[in-house]
Structures are given as structure tokens and as C-alpha cells.
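Here is how the chains run, residue by residue.
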Amino acid sequence: MTTLLSLQAVTGGYGDANILHAVSMTVSDREIVVIVGPNGAGKSTAMKAVFGLLNVRGGSIRFDGDDITGWVPNKIVQRGICYVPQVDNIFREMTIHENLEMGAFLRKGDLSAAFDRVYTLFPDLKERRKTPAGSLSGGQRQMVAMGRALMLDPKLLLLDEPTAGLSPKYMEQIFQICRDVRGTGVAILLVEQHAKQALEFADRGYVLAAGQNRHEGTGANLLADREVAEMFLGG
Amino acid sequence: MDFLELVNFYIIPGLVIGSIYALGAVGITLVFAILRYAHLAHGDLATLGAFLALAVVTGFGISPLAALPIAILGTAAVAVGIDKVFYEHLRERPKIVTVMASLGIALMVRAVVQVIWGVDSESYVKGIVRPDVYFGLRIRDREIYTVIAMIALVGVLQVFLTQSKWGKAMRAMSDNPNLALLSGIDNKKVVMLTWIIAGGLCAAAGVFLGINTELKSMMGWNMLLPMFAAAILGGVGRVEGAVLGGLIVGVAEELSVLVLPSEYKAATAFAILLFMLLVRPTGLLRGKVL
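An unreviewed UniProt entry annotates chain B as Branched-chain amino acid transport system permease protein originating from Roseibium hamelinense. The annotation that UniProt attaches to chain B under Sequence similarities (unreviewed entry) is "Belongs to the binding-protein-dependent transport system permease family. LivHM subfamily."

An unreviewed UniProt entry annotates chain A as Amino acid/amide ABC transporter ATP-binding protein 2 (HAAT family) originating from Roseibium hamelinense.

Spelled out as C-alpha cells, the structure:
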């Protein structure tokens, strides 16, 4: 498998203070990679670094052959990475269909193939496409948010805690959708609070703590690691 | 006082002035929703639009309605220019800085109007227009034009906002600015479009105020408060709310004359504004809370 995204010793933060200290990770083609770790470990921050939302002061970020360190989000979107924030990730007053349309804003020409692709992944949304997104349940909103990000046909999807606040039933559904999305040729990097379930479902995982790499490996290996289990998974 | 008298002397003039407020309030509500500040130069831009139309009316001898498109284009261009020269540089600063700057712009625009056209009252056409009577209702042609033009302009705007790509981009920017930027929507174009629309509607408000009353350099400033009351009454960011708010404020102002001396008309708008902010800050149609 070829490496799609690689962070090499990335150091940076929002203001002057550094939150990430020499964090490295890779995501390969069609791979699902999860970042777990305790609160304040810099999980979401690592993801935002990829999307150009952070002051990166050391290290580099490469994507699909380009050095994208320091690029603005707009350019990164066009290069093939889409990002779903944890909160405020939909246009509440716009319909589901309009949300998806805004996701494809940078795309010229006929959008029907992109709509078909997203509606095939999320049949529930197709039925309710004229409904304002703000009136949906939490799980359905997450689907709209993911659908919006998929409209540009990205190579890599970044998901910041997609299951936060969702019931176990919806969490399983979101994970299943992630597998379906990967099936269409998209790699996924996601941040998760539900470390155990996420590691069970992902191909590989990174455990961050205090802004540094702590452990990495396949989901099964990390789950079997005593130290990981004690530190982050509640024994 | 019988019912017809109430309609003829209070409701009809209220709806006409309310339609004029609505045109201004729609622009205020769009600027509020997309740029997130109160634009205090809105009234004086309306004055500018009214006088631009006067220049066309006297220069080419055409009717004020025929001059309206030119006034709309001219004022829209001025609004975009003001944004580029002044407001754009304040975008990253606290919003109150831009609010105060817009007060300065208001004074500047008014000063320009006064230098070019003077401070005396002007009118598009001389003479008195008698109202026609339809089933006992006394209505002047210009009053019909005003209401129809307001409905037509706002209708076209609504179609633009709900059907076109850039109209939807404006709604997206109003709804969730961060996500709009993450989706690659060009913020600068959306801001420019907002000023074109707000400036154009301002001019229409000014021209119709001029058609129905007279042109004075303070005409726009004097309707700033009712226009803001209308925008907040309807719900910030709600175009249809601004129209509803405008009509309600217009009619309420006219009806207030029944119980208050007419000098206190403006206080009615202020009372509505205060009441809404205290009781229901989201407005009638659930707008944003600022």
C-alpha cells in the first residue's frame, strides 16, 4: 500500500504555545486510522494540523506527493482532503440537499454523480433531502456532515470524533459507514473518544499523550498491549 | 372614526411607509447575518440613492421609476466601494469598530449629498397628486407602485437566495461561516454580493421614500431606527421577517398618531425595538441573537 499522508515530527499549536511535540504518523491508501488518547492529548490538534488550521513550527506534512505544510484549508480541500469538524459541522437552516451542494461548492459542472454516490452511502438522507439539517437527530446530522465532506470526492477524509454524543446503535452505524466509505476508495483518519470500539474497528491506531506519540500499531495489537489497556482503556 | 377612514388614513400609509422600511431592513438583516455588524450608514446610502435618481430625473427628464435601476446600480457600486476602502480593513477587528466606522461613513455620505444637492427639500415631480378611489379606498398610483416594487424586489431576492449557487453560498455563510470556509466558499465574493444587494435595496428605499414624500438630506438617517426595528422585529437574517417587520413598524407608527402626538412617531419604532430585544430577541421568525 502506498503512503497517502505522512506527518513527520510535527510540532505546533494555536498561538505561541506548542500543543504537538514532534508527532509523526502515516495513513496509506484506503486505510482507516484512528487517533486515541486521553483528554488534552492533542488528538484533534493533530488532525487540524493536517488541514492547515494550526501554526506548524517544526516538521512536515506530505500528502500524495506534495508537501502541504502551511497550506491554507481552501487549497487543501482542492488537493483532496476533506475535514468534518466535531461540532457545528452542518448548515442547520439549509436542507440536506443544500448542505451536500455546499460541500461540492468548488466542483464545476454536473453534480448528479456526486449526489448519487453520497445518497447511495446514506439512503436515509435521500428520503429526507428537503428537510432542514438542523431538525435531524445527532446521528443523522453526522451523516449529513460526512456526506457534505464526501461531495468533493476526496482521497482522505478527516473525522473529528464522529461518534461523540451518539448512542451505541448510531456509533456502530457510523463505523459501518466509514467501512463503506473506505470501500469507495477513500482513506479515513479519525479521532475517537471511544478508544476500545474504535481500535476494534480501525486498521491501525496511534495513541497520543501530552502531544507526543506514545504507542502505535494495528488495532488488535494496541488492544492487547497491557500498558495501553491500563492507561487509556480503563483496564 | 369608521373603518374606511382608519384604513385610508392609517393602514394604507402605514403599509406604504412599511414597504419602504422593508426594503432597507432586508439589507440591514443581510449585512447583520453575513458580516455580523449593525450598519449605521444604511439610511444615508438610501438618501444617496434617492438623490442619484433625482440627478437622472432632472438630467434626462425621465420619471423616477425609470431612474430607479440607475440609482440601484450606482448605490450598489458605492456600497461595494465603501466596503473595499473602509470596512474590509476592519474585518479582523472587533465588530464594534466597524459599527463606529459605519457611523462615520453615514456622516460622510450625508455631507457629500449636502455638498452636491444642498440642504433644501427637493421633489421628483411638482404638484399635488390626488388619490383615486377604489371601493371607498383612497390610493395613489405611487403607493401601489411602492408596494408592488417592494414585493417584486424581495421576491427576486428570495429566488436568488434559494435557487442560485451564490445565493445559497450567502445563506451558508450566514448559517455557519467556519463551515462555509471549510467548504471552499469564497468569502470575498459573498461579501461583495451582500453589498451589491444591500446597496441596491437601499437605493430603492430612498427612491420610493422620495416618490411618496420629498427628498431631504436627512431623509435616510431618519428612517434608520425604524429600519433596524423592522430587521430585529422580523428576526436577524430573515428576509421575509424583515418585510413583515417593516410593514408592522410602518403601520404601528401611523396608528400611534391616534394616541400620541405625531412628533413621537419615531418613538414607536424605538419602543418596538426595545420590546423585542427584551422579550424575544430572536424576532418573530427566529433569527440570530447578536
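Right, let's talk about the overall build of chain B for a bit. Tallying secondary structure elements over chain B gives 12 helices and 2 strands in all. The secondary structure elements of chain B, listed N-terminal to C-terminal, are α-α-α-α-β-β-α-α-α-α-α-α-α-α. Radius of gyration (C-alpha) of chain B: 19 Å, near the 19 Å computed for a compact globule of 290 residues. Its C-alpha atoms give chain B principal-axis dimensions of about 60 × 45 × 35 Å.

Bringing the overall build of chain A into the picture now. Along chain A, the regular secondary structure elements total 10 helices and 10 strands. Computed over its C-alpha atoms, the radius of gyration of chain A comes to 17 Å, within 12% of the 18 Å expected for a compact globule of 235 residues. Oriented by its inertia axes, the alpha-carbon framework of chain A measures out at about 50 × 35 × 35 Å. The long-range share in chain A, meaning contacts at least 24 apart out of those at least 6 apart in sequence, stands at 68%.

For the rest of this paragraph, the subject is helix α7 (residues 168–183) of chain A. Since one α-helical turn is 3.6 residues long, residues separated by three or four positions face the same way. Residue and element names in this part refer to chain A. Along its 16 residues, α7 runs 23 Å from first to last C-alpha, staying within 8% of the 22 Å computed at 1.5 Å per residue. Residues of α7 that are buried sit in contact with β3 (32–36), α4 (112–121), α6 (138–150), β7 (156–160), β8 (187–191) and α8 (195–201). Following α7 by one or two positions, G185 adopts a phi angle in the positive range, close to 100°.

With that settled, the discussion passes to the interface of chain A and chain B. Contacts between the two partners involve 17 residues from chain A, matched on the other side by 13 residues from chain B. Of all elements in the fold, only α2 (73–79) and α3 (96–103) of chain A reach the threshold of two or more residues within the side of chain A that touches chain B. Residue composition of the side of chain A that touches chain B, by class: 8 nonpolar, 4 polar and 5 charged.

Let us now look at α6 of chain A. Residues and elements named next belong to chain A. For α6, which comprises 13 residues, the first-to-last C-alpha distance of 18 Å matches the rise-based estimate of 18 Å (1.5 Å per residue) to within 8%. Listing the buried residues of α6 in full gives Q142, M143, V144, A145, M146, G147, R148, A149 and L150. Residues of α6 that are buried make contact with β6 (81–84), α3, α4, α5 (123–127), β7 and α7.

Here we take up the sheet that holds strand β4 (residues 55–63) of chain A. Picture the strands of a sheet paired through backbone hydrogen bonds; they go either parallel or antiparallel. All names here are of chain A. As summarised here, the arrangement of the 4 strands in space is β2-β1-β4-β5, forming an open sheet in which the pairing is antiparallel. The strands lining the two open edges of the sheet, one partner per strand, are β2 (20–28) and β5 (66–67). The pairing of strand β1 (residues 3–13) with β4 spans 7 bridges and is classified as antiparallel. For G13, the partnering residue across the bridge sits in β4 and is N55.

Residues and elements named next belong to chain A. Burial of the side chains of β6 extends over both faces: I81 and Y83 are buried on one face and C82 and V84 on the other. Bridge analysis of β6 against β7 gives 4 bridges, and the strand direction is parallel. Counterpart to C82 in the pairing with β7 is L157.

Let's shift gears to the UniProt feature "transmembrane region" (unreviewed entry) in chain B. As annotated by UniProt and renumbered to match this structure, "transmembrane region" (unreviewed entry) occupies residues 6–33, 45–62, 68–87, 96–117, 144–161, 190–212 and 266–285 of chain B. Summarising residues 144–161 of chain B: 100% helix, 0% strand, and an end-to-end C-alpha distance of 26 Å.

Let us now look at unusual backbone geometry. All names here are of chain A. In this structure, R30 is a non-glycine residue whose phi angle is positive, near 55°. Of note, R30 is situated in the loop between β2 and β3. Given 18 C-beta atoms within a 10 Å radius, R30 is considered partly exposed. Phi at E161 takes a positive value of approximately 45°, unusual for a residue other than glycine.

All names here are of chain B. Two elements in contact, helix α6 (residues 165–175) and helix α8 (residues 187–212), have axes whose closest approach is 10 Å; the angle formed by their N-to-C orientations is 100°. Taken together, the axis directions place α6 and α8 in an arrangement best described as roughly perpendicular. Residues W166, A169, M170 and M173 of α6 pack against N187, V190, L193 and T194 of α8. Its residues placed into classes, the contact of α6 with α8 shows 6 nonpolar, 2 polar and no charged.

Basis of the calculations
- Residues numbered from 1 in each chain as written.
- Chains lettered and ligands numbered in written order.
- Predicted model: local features only at pLDDT ≥ 70, side-chain atom pairs only at ≥ 80, totals over all residues.
- UniProt positions renumbered as here; feature names shortened; annotations may be inferred.
- Helix = DSSP H or I, 4+ residues; strand = E, 2+ residues; numbered from the N terminus.
- Rg over C-alpha atoms; globule rule 2.2 N^0.38 Å.
- Contact = placed C-beta atoms within 7 Å.
- Expected span 1.5 Å × (residues − 1).
- Nonpolar A, V, L, I, M, F, W, Y, C, P; charged D, E, K, R; others polar.
- Buried ≥ 20, exposed ≤ 12 C-beta atoms within 10 Å, placed from the backbone.
- Pairing = 2+ DSSP bridges.
- Axes fitted to C-alpha atoms, helices over the stretch in contact; angles between N-to-C directions.
- Parallel < 35°, antiparallel > 145°, perpendicular 65-115°, else oblique.

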